Structures are given as structure tokens and as C-alpha cells.
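Examination of the molecular architecture
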Amino acid sequence: MKSQNKYRKFQLQQKNIEALERENSRFKRVYSEYENMADELWNLENSTNEPVPDDFINAIMLQSSYLEDEIEDWLIKFNNQKADIKH
């Protein structure tokens, strides 16, 4: 059994992400890049091929964390906008 990709932390907010992707092309590009990096990190860490230098993995992890922060900011704003509309 394969373990879950720990880099996919936004799975529970998929409906909001899909809505944001339809509304904002920049968000769509950022989220797509985040997904690509998450998949690549997962593959690198679970590969039985030639080992990859830790510095390279750390650089991808750092870039992924910047993208996560940006995605989280967008999701917070989106959720706040939805809450404002309901009131």
C-alpha cells in the first residue's frame, strides 16, 4: 500500500480551489506549480533510483512552502469573501 502524499495539504479545500482556479488565472498557475512540485518531491523521496542531493530536495521544499503560503492567503481571502456575501 502506498502512503499518502504528505505534500498535498489542500485536499480538504478542493471545492474552493476549483472555484478560485475558474476565477483567477494567476491562482491556477500557482496551484498547478505547487501540485507539480508536490508530486516531484513525493517521487524523489520515494524513488528507488539514484539518490538526489539533499540541497536540491531542500530547495524544492522551500519553494513549495512559499507557494503554500501564497495559496493559503488566497484561500483565506476567498473564505472571507464567501462569509461576507452570506451576511
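Residues numbered from 1 in each chain as written. Predicted model: local features only at pLDDT ≥ 70, side-chain atom pairs only at ≥ 80, totals over all residues. Heavy atoms only, no water.

**Here's the deal with helix α1 (residues 14-23)**
Along an α-helix, residues three or four apart share an orientation, since each turn contains 3.6 residues. Operational definition: Accessible area is worked out with a 1.4 Å probe on protein chains only. A residue is then buried under 20% of its type maximum, exposed over 50%, and partly exposed in between. Elements are defined by DSSP. Helices are runs of H or I of four residues or more, strands are runs of E of two residues or more, and each kind is numbered from the N terminus. Working note: the arc is built from the helix axis to C-beta atom directions.
If you check which residues of α1 are buried, you get Asn16, Ile17, Ala19 and Leu20. Buried residues of α1, seen end-on, are gathered within an arc of 160° and therefore sit on one face of the element. Exposed residues pointing more than 90 degrees away from the buried face of α1 are listed as Lys15 and Arg22.

**Points about the pattern of salt bridges**
Between side chains of opposite charge, a pair can form as their charged atoms come close. To be explicit about the condition: We define a salt bridge as a side-chain nitrogen of Lys or Arg found within 4 Å of a carboxyl oxygen belonging to Asp or Glu.
If you walk through the whole model with that rule in mind, you get one salt bridge. The salt bridge involving Glu70 is made with Arg26; its shortest N-O contact spans 2.9 Å. Here the residue Glu70 occupies a position in helix α3 (residues 54-86), and Arg26 occupies one in helix α2 (residues 25-45), the gap between them amounting to 44 residues. Its relative accessible area of 25% is what places Glu70 among the partly exposed residues.

**Here's the deal with the side chain of Asn16**
Going by this rule: In this analysis, two residues are considered to be in contact whenever any of their non-hydrogen atoms come within 4.5 Å of each other.
One can find Asn16 in helix α1. Setting aside anything within four residues of it in sequence, one finds Asn16 in contact with Leu75, Phe78, Asn79 and Lys82.

**Remarks on the environment of Glu35**
Residue placement: Glu35 occurs in helix α2. Relative accessible area serves as the criterion here: at 23%, Glu35 is assigned to the partly exposed category. Sequence separation between Glu35 and Leu67 is 32 residues; the distance between their C-alpha atoms is 9.7 Å.

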